[in-house]
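Here is what each chain is made of, one letter per residue.
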Amino acid sequence: MALIKHPYSLVKFVILFVVLIPLNSVAKTYTIKGKEYSDWSQKARRAYNNLNSRKEAVWCQIVNINHSQLLEADALQIELEYNAVYDFYVSYQSGNEAYNYFHYIGSDKISDVYLSSLENYYEATIYAAQAVYKIYKISEDEAVVTKYEFEDIQEEPPMARMTQDSMESNDVTDDLMATVPITTPVIRVLMLYTNAVLSLTDDYEFSGTSYDRMRSMVYETINQANESFYNSQVNAHLELAYLGSTTYNESSTTWGNTLQRFTANGDGYLDEVHTLRNKYKADVCVLFLNDSNACGESQTIKAVDNTAFCLIYPSNYCRSKFTTIHEIGHLIGCRHNRYIDNHMSPYQYGHGFCPYTPDNGLTDWRTIMSYPNQLCPTNLACRRRLYWSNPDVTFNGLPTGTITYENNARVWNERASTVSAFRTKDYNIALTSSSNSTSALYENYEASNNISTNNGYEVQAGQTVDMAAANEIRLLPNTHIKSGSTFRASIRSNADDNTYPQFVNSRHLSNTVAQNESRISVFPNPVTNVLTVRSTEVLQLVRIYDLNGQCLLQTAEKEINVSMLPVGLYLLTAHTSSGESLQTKFIKQ
């Protein structure tokens, strides 16, 4: 019998070889450039030919990329079309033994790279020179870079979001800080995909399997959502509760009918979602389908328990618009920018934002809930960034919202606790053979007290299972963790509620970490033993957090012993005598 019973203990069974996150150097640059045709492998040539045959891929190049070396870099130099070279520097990172997520920002402050890496597969999206590129792994030392034409797909069905009003009352709260809890609400998301979705990249000769690509896409979405919360001072955390397949055939009906079938319980279509939702305690449900009639649609704006459902078409074009995060934003209560949607319910201040620049009247970015408009005219020149509208946060020197009409961050901060309580955790969970699933890629069990397994409970090859309990986890006899699976179990003192420790004060932070860093600094960085904090302000309290928001250390000293911290990236928050919070980041090596 395996018994896990200790505060903050973590037991992991990772049956596959995994790559840990190495963060032991500064500005370690990895260069990605084209490979001579004569040096291409046969698999690379097939991948190139397959991509070139697709109308959406307008340029391809085989490149040398070593997977393990790529993960060690905190800067990238990438050669794209016309020998144009772009430099990128890591700005956000999260992950664990089995998965890593990186966001790199270009030296031009406009370009971006989002890298999503599993044990045996990675892919990246590059936004550069008003174009979108994808990188897919082919082998351990080869990859393909391809440029995608933006597809002619409407973001949402016509009028779907412009005329729909909330089904709830307008519970506007005047004092934002009065509504923000001292801990961070966790919204658990259940995601289903149809078999037709797997066919989107099945024949490209990429490394890994279609299941790896599905996992990579979903993990990336969750991490991008949490990065957007971090960027915009949103006090919320998105957590994957379940990822699995459904036998539903979307080609048999219309997009609108599928959304109603996904939401309804007992109509004979997709009814398993309601059983799974209750089993895994998911607050929000997402269905990925292969239907290009739209990128996505939510059931309503400002959902209640039985309307927290949305559909997503996960093409490269739709993913580049952060469509899944956008639709979940609707379920929270957020609306589009006022140029597209001038409805004031459920929140007058709940609109997305496109900034106005006095020099030429145009801008090159918009927030997550915004559509293009006369100020932000094209999809490529003015793309969505991982920001919710918020008048207290800037991007490229401009506010990302207004107090009166554009403050999606306020909507999230006021609604996250409600949505995170659509389902509550079980006190105890007992898993047996009847709990086994053949359609699940990922399962996340959380209990307020204990979790136990016996009587034939199995984690199959290709499946990932996470367990968290507040007291203990018992793996009793006749429990089988199969080769090729990933299993992690942890004891968390906060597993008895729906919250994570708060690590971003949603109101009192300065606009960005970058602005704060001019008033606070740490050295040496990277650090091995003692970290020294310097600031132009009088500091009263210093806290250090990991990227999951867990407070690891609290002190009033300016010289801090961090030798006990694992290698990684950390957030340091310092509270001043005036009640303000300053932030900076450092690397423990």
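Just so we're clear, the structure is a prediction, and the values are computed from it rather than from any experiment. (Residues numbered from 1 in each chain as written. Predicted model: local features only at pLDDT ≥ 70, side-chain atom pairs only at ≥ 80, totals over all residues. Heavy atoms only, no water.)

Enquirer: Help me out: how do you make sense of the environment of Val411 in this one?
Expert: Counting through the fold element by element, Val411 comes out in helix H10 (residues 408–420). In contact with Val411, other than residues within four places in its own chain, are Ile332, Gly333, Cys334, Tyr347, Tyr349 and Gly350. (Helix = DSSP H or I, 4+ residues; strand = E, 2+ residues; numbered from the N terminus. Contact = heavy atoms within 4.5 Å.)

Enquirer: Before we go on, may I ask you to explain the confidence of the model for the protein chain in this structure?
Expert: Segments scoring low in pLDDT should not have their predicted coordinates read at a detailed level. For the protein chain, the mean per-residue pLDDT works out to 83, and 81% of the residues sit at or above 70. Taken together, the stretch residues 4–26 has pLDDT below 50 and engages in 68 contacts with residues farther than four places along the chain or on a different chain. Here residues 165–182 is modelled with pLDDT under 50, and outside its nearest four sequence neighbours on either side it reaches 48 contacts, counting other chains as well. (pLDDT = per-residue confidence, 0-100.)

Enquirer: Whenever I open this one, the sheet that holds strand E33 (residues 559–561) confuses me. Can you help?
Expert: The 3 strands lie next to each other as E29-E30-E33, forming an open sheet whose pairing is antiparallel. Since the sheet does not close on itself, it has two edges, and those belong to strand E29 (520–523) and E33, each with one partner. Averaged over all pairs of adjacent strands, the angle between strand axes in this sheet comes to 25°, irrespective of strand direction. Two strands pair when backbone bridges link them, and E29 and strand E30 (residues 530–535) are joined in this way by 4 bridges, in the antiparallel orientation. From the neighbouring strand, Phe523 faces E30, where its bridge partner is Thr532. (Pairing = 2+ DSSP bridges. Axes fitted to C-alpha atoms, helices over the stretch in contact; angles between N-to-C directions.)

Enquirer: What should I look at first to understand the sheet that holds strand E6 (residues 85–95) in this one?
Expert: Two modes of strand pairing occur in sheets, parallel and antiparallel, and in both the strands are linked by backbone hydrogen bonds. In space, the 9 strands of this open sheet follow the order E3-E5-E6-E7-E8-E9-E10-E11-E4, with mixed pairing throughout. Strands with a single pairing partner mark the edges of an open sheet, and in this sheet they are strand E3 (29–32) and strand E4 (57–64). Along the sheet, successive strands turn relative to each other by an average axial angle of 20°, direction set aside. In this structure, strand E9 (residues 122–128) lies alongside strand E10 (residues 131–139), joined through 6 bridges in antiparallel fashion. Along E10, the bridge assignment pairs Ile126 with Tyr133. Packing of helix H1 (residues 42–52) onto the sheet brings it into contact with E4, E10 and strand E11 (142–148), and relative to E4 it is tilted by some 165°.

Enquirer: Help me out: how do you make sense of unusual backbone geometry in this one?
Expert: What is expected of a backbone is that most residues other than glycine have negative phi and most peptide bonds are trans. A cis amide bond links Ser345 with the next residue in sequence, Pro346, at an omega value of 5°. Checked against the element boundaries, Pro346 lands in the loop between helix H9 (323–332) and strand E17 (365–366). The omega angle of the peptide bond from Phe523 to Pro524 is -10°, so this bond is cis rather than trans. The phi dihedral of Phe322 falls on the positive side, at around 50°, and the residue is not glycine. Looking at where Phe322 falls in the secondary structure, it is placed in the loop between helix H8 (316–320) and H9. Even without being a glycine, Asn478 presents a positive backbone phi close to 70°. Take Asn478: its relative accessible area is 44%, and that puts it in the partly exposed class. (Buried < 20%, exposed > 50% of the residue type's maximum accessible area, 1.4 Å probe, protein only.)

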